[in-house]
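One letter stands for each residue in the lines below.
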Amino acid sequence: MSGAALGLEIVFVFFLALFLLHRYGDFKKQHRLVIVGTLLAWYLCFLIVFILPLDVSTTIYNRCKHAAANSSPPENSNITGLYATAAPVPSQHPCFKPWSYIPDGIMPIFWRVVYWTSQFLTWILLPFMQSYARSGGFSITGKIKTALIENAIYYGTYLLIFGAFLIYVAVNPHLHLEWNQLQTIGIAAANTWGLFLLVLLLGYGLVEIPRSYWNGAKRGYLLMKTYFKAAKLMTEKADAEETLEDVMEEVRKVNDSIKYNHPLRKCVDTILKKCPTEYQEKMGRNMDDYEDFDEKHNTYPSEKSLVKLHKQVIYSVQRHRRTQVQWQILLEQAFYLEDVAKNETSATRQFVHTFQSPEPENKFIQYFYNPTVEWYWECLLRPWFYRILAVVLSIFSVIVVWSECTFFSTTPVLSLFAVFIQLAEKTYNYIYIEIACFLSIFFLSICVYSTVFRIRVFNYYYLASHHQTDAYSLLFSGMLFCRLTPPLCLNFLGLTHMDSSISHQNTQPTAYTSIMGSMKVLSFIADGFYIYYPMLVVILCIATYFSLGTRCLNLLGFQQFMGDNDMTSDLVDEGKELIRREKRKRQRQEEGENRRREWKERYGHSREDSTRNRNVHVDPKESNLSDLSTNRSSKYTRASNRTERDRIELLQDVEPLDFNAETFTDDPLESESGRYQPGGRYLSMSQSRIFDDV
């Protein structure tokens with residue numbers, strides 16, 4: 001089994017990172033370099049979290065083996081060769097290899113490759129790829145040039161700081177730094193930056209994650225929050241549609257001005273390919289390729305303005321598509337939560353859905369997760385499960401906060417993580433050690449990483465599920481993961497007293513700590529910042545518990561969900577009305593489909609039978625002519641009556657519209673044509689859209 005656990009975890013973590021990236025990214029539409037860069041960053045960070053417990057158990061075994069070798073009796077000291085390695089160990093040191101033991105020399109090389117690759121990604125490659133992905137250039141050279149210009153200040157700042165430090169070391173005669181010490185200083189600087197951000201995210205996640213599960217068990221809480229999200233998302237959706245229409249209007253003007261033989265026509269064609277299909281068709285119909293660009297003395301846009309327009313098109317189309325998908329997902333979630341609220345008082349204990357799922361369910365899942373099981377889970381068991389889970393997570397959070405404030409104390413040992421690991425180390429229970437280490441670092445990672453997935457920096461950084469995350473946000477998340485994971489692991493090793501710079505014990509360090517170097521070069525960081533700054537997590541947890549950040553954002557005008565706020569109540573009411581309107585619209589669509597299906601089943605066979613009988617039976621000419629005229633008149637009378645009846649039903653199904661709107665056309669490209677259609681939007685819809693399917 002030597003090294004088998006390492007190989008299995010390497011494969012498992014790869015598929016885990018691939019699954020998460022597939023959920024948030026879009027493999028078909030996004031650039032391959034963006035997918036590969038983000039996947040590599042996520043994979044390396046998850047790999048560090050999963051492999052570190054194996055490093056801890058291997059280190060404990062090596063310490064035991066070293067202690068057994070030092071306490072061996074003198075008469076066995078002259079035994080050499082194979083018998084020396086197989087010498088019996090005294091009973092006070094019952095050392096045996098763990099099932100996941102990793103041979104010596106593998107872990108240092110492994111950690112060195114993983115760490116320096118992640119640092120190269122986060123500080124050099126991913127920032128460059130961010131600028132490359134957001135660039136509106138029309139060629140690879142142009143995008144690279146734009147990315148280098150945008151990152152010149154970013155890279156120049158670090159070079160300036162590093163150069164000033166080297167000059168200071170060269171001038172000061174009392175400082176003699178070697179390459180290993182410079183490497184340690186660079187690692188310490190990166191870990192200090194990461195620890196500063198780590199504590200902020202950890203303080204939020206330790207409180208918010210248990211509270212979210214506790215609130216999720218309350219009746220009606222999730223539904224009210226969904227109504228609130230619907231009101232905010234509708235505002236964002238309307239803004240995205242308006243922005244897209246403005247950008248498409250600019251594209252239309254550029255498309256009309258630059259003709260087929262203009263030198264910049266290829267750039268315009270590239271922009272048109274990024275536009276939605278309906279806009280491409282409308283702008284394609286208005287093309288007059290026979291006109292030359294030099295026949296009219298117009299002012300043509302420059303290539304720089306086209307690059308800017310290209311960037312705006314990419315951003316507006318991505319945002320519009322994301323809001324549309326999120327709106328549909330939010331509608332399904334709201335409908336389901338409303339069904340849960342209705343089924344809670346059901347006497348039959350059968351879960352009834354208002355709308356059936358458009359995708360057919362798996363027969364295996366449908367057999368075991370039947371309406372009865374679904375009712376017991378959603379209406380009875382899930383709230384209690386969430387409450388128990390919230391209590392367990394709260395206990396973990398208290399343990400983390402206590403350990404962060406007391407892990408520097410070695411005599412007595414106050415950190416609960418260190419107490420658990422040392423108790424298991426006395427009995428050399430490696431399975432317990434690995435499980436305890438994995439659960440501890442996994443909980444810390446969930447608190448930090450979930451905050452990274454939840455936070456949103458306006459529209460620049462936002463991780464949206466269902467393949468709606470843009471390339472910039474994916475790369476930015478990879479940068480954050482690579483900067484947060486190394487200090488997170490060092491903090492965990494400090495909590496368990498496996499880091500010798502924290503415990504101040506002359507013991508064998510872990511392989512992960514050994515590649516970080518000795519922090520004695522920077523004693524003010526090792527003995528000051530690394531020990532006392534994590535105590536700030538107590539203040540952050542208190543601030544998160546009382547929702548101070550949420551209240552501050554609400555005062556600044558960024559509406560947040562707060563139960564005791566009038567603005568929240570207004571947005572909840574608005575969202576409830578929006579959901580009710582969409583529900584009525586979907587019900588009318590289903591009723592219309594059912595009516596059309598019944599009409600086909602009722603009259604389709606009778607029409608075929610009458611046509612078949614008319615062709616088979618042949619009568620004399622006079623009777624045939626009279627019957628034919630009678631059938632025609634009755635047929636057209638029935639057809640006209642049915643058509644008129646369908647028109648009346650469809651007009652009743654139309655959603656009420658605003659007659660006071662300034663724009664009376666549905667075509668965003670013809671909004672400035674100056675045409676006024678009397679009778680509001682009903683006239684335009686009745687002429688062009690309502691009766692298309694009749």
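Residues numbered from 1 in each chain as written. Predicted model: local features only at pLDDT ≥ 70, side-chain atom pairs only at ≥ 80, totals over all residues. Heavy atoms only, no water.

### Topic: a negative patch on the surface
Next, step 1: On the surface, Glu-242, Glu-245, Asp-246 and Glu-250 cluster together into a patch of negative charge.
Next, step 2: The residue Asp-246 is located in helix α7 (residues 221–257) in this model. (Patch = residues over 30% accessible without salt bridge, like charges linked within 9 Å, V, L, I, M, F, W, Y side chains within 5 Å. Areas by Shrake-Rupley, 256 points an atom, 1.4 Å probe, with all protein chains shown as cover. Salt bridge = Lys/Arg side-chain N within 4 Å of Asp/Glu carboxyl O. Lys, Arg positive; Asp, Glu negative; His and termini not counted. Charge placed at Lys NZ, Arg CZ, Asp CG, Glu CD. Helix = DSSP H or I, 4+ residues; strand = E, 2+ residues; numbered from the N terminus.)

### Side note on the packing of helix α4 (residues 106–134) against helix α6 (residues 179–216)
Next, step 1: In contact at an axis separation of 13 Å, α4 and α6 are set at 60° when each is read in the N-to-C sense. If you check the angle between α4 and α6, you find them oblique. Handedness of the crossing formed by α4 with α6: left-handed. Contacts between α4 and α6 involve Tyr-115, Trp-116, Gln-119 and Trp-123 on the former and, on the latter, Gln-183, Ile-187, Ala-190 and Asn-191.
Next, step 2: Looking at the contact of α4 with α6 residue by residue, the class counts come to 5 nonpolar, 3 polar and no charged. (Axes fitted to C-alpha atoms, helices over the stretch in contact; angles between N-to-C directions. Parallel < 35°, antiparallel > 145°, perpendicular 65-115°, else oblique. Left-handed = near helix turned anticlockwise from the far one by under 90°. Contact = heavy atoms within 4.5 Å. Nonpolar A, V, L, I, M, F, W, Y, C, P; charged D, E, K, R; others polar.)

### Brief notes about the pattern of salt bridges
Next, step 1: Summed over the entire model, instances satisfying the criterion amount to 14 salt bridges.
Next, step 2: Here Glu-344 makes a salt bridge to Arg-219, at a shortest N to O gap of 3.7 Å. Placement of Glu-344 in the loop between α10 (303–343) and α11 (363–368) and of Arg-219 in the loop between α6 and α7 is noted, with a sequence separation of 125 residues between them.
Next, step 3: A residue is classified by how much of its surface remains accessible, and Glu-344, at 24% relative accessible area, is partly exposed.
Next, step 4: Classification of Arg-219 as exposed rests on a relative accessible area of 68%.
Next, step 5: Across the pair Asp-239 and Arg-319 runs a salt bridge, and its minimum N-O distance is 2.7 Å. Taken together, the positions of Asp-239 in helix α7 and Arg-319 in helix α10 put the pair 80 residues apart, joining distant regions of the chain.
Next, step 6: Since its relative accessible area comes to 34%, Asp-239 is described here as partly exposed. (Buried < 20%, exposed > 50% of the residue type's maximum accessible area, 1.4 Å probe, protein only.)

### Topic: the nonpolar core
Next, step 1: Trp-42, Trp-111, Leu-206 and Tyr-512 are the most contacted members of the largest nonpolar core, which has 96 residues in total.
Next, step 2: For this core, the leading source of residues is helix α2 (residues 32–70), giving 20 residues.
Next, step 3: Look past the residues within four positions of Tyr-512 in its chain and what remains in contact with it is Ile-48, Leu-52, Asp-55, Trp-111, Thr-485, Pro-486, Cys-489, Leu-490 and Leu-493.
Next, step 4: The next biggest cluster of nonpolar side chains, apart from the first, holds 18 residues, and it includes Val-254, Val-268, Ile-271 and Cys-275. (Core = buried A, V, L, I, M, F, W, Y, C linked by side-chain atoms within 4.5 Å.)

### Observations regarding the UniProt feature "coiled-coil region" (unreviewed entry) in the protein
Next, step 1: Per the UniProt record, "coiled-coil region" (unreviewed entry) is found at residues 230–257.
Next, step 2: Taken end to end, residues 230–257 comprises 100% helix and 0% strand; its first and last C-alpha atoms sit 40 Å apart. (UniProt positions renumbered as here; feature names shortened; annotations may be inferred.)

### A word on unusual backbone geometry
Next, step 1: The residue after Thr-411, namely Pro-412, is reached through a cis peptide bond having omega 0°.
Next, step 2: Unusually for a residue other than glycine, Arg-349 sits at a positive phi of about 55°.
Next, step 3: Checked against the element boundaries, Arg-349 lands in the loop between α10 and α11.
Next, step 4: On the basis of relative accessibility, which here comes to 40%, the residue Arg-349 falls in the partly exposed class.
Next, step 5: The backbone of His-467 shows a phi angle near 65°, a positive value even though the residue is not glycine.
Next, step 6: By the secondary structure assignment, His-467 is in the loop between β2 (461–462) and α15 (471–495).
Next, step 7: Residue classification places His-467 among the partly exposed positions, given a relative accessible area of 31%.

### So, empty space enclosed by the protein
Next, step 1: Evaluation of the coordinates by the stated rule reveals 2 cavities of 30 Å³ or more.
Next, step 2: Here the largest cavity defines a volume of roughly 140 Å³.
Next, step 3: At the level of secondary structure, the elements contributing two or more residues to the lining of the largest cavity comprise α6 and α15.
Next, step 4: The element that contributes the greatest number of residues to the lining of the largest cavity is α15, accounting for 4 residues.
Next, step 5: Each residue belonging to the lining of the largest cavity can be placed in one class, and the counts come to 7 nonpolar, 3 polar and 1 charged. (1 Å grid on protein atoms, 1.4 Å probe; cavity = no way out; pocket = protein on both sides within 12 Å on 5 of 7 lines; lining within 4 Å. Points joined across faces, edges and corners; volume = space filled by probe spheres on them.)

### Describing a nonpolar patch on the surface
Next, step 1: Taken together, Phe-364, Ile-365, Tyr-367, Phe-368, Tyr-369 and Val-373 make up a surface patch of nonpolar side chains, about 650 Å² in accessible area.
Next, step 2: Counting residues per element, the nonpolar patch draws most heavily on α11, which supplies 4 residues.
Next, step 3: Mapped onto the elements of the fold, Phe-364 is located in helix α11.
Next, step 4: Relative accessible area serves as the criterion here: at 56%, Phe-364 is assigned to the exposed category.

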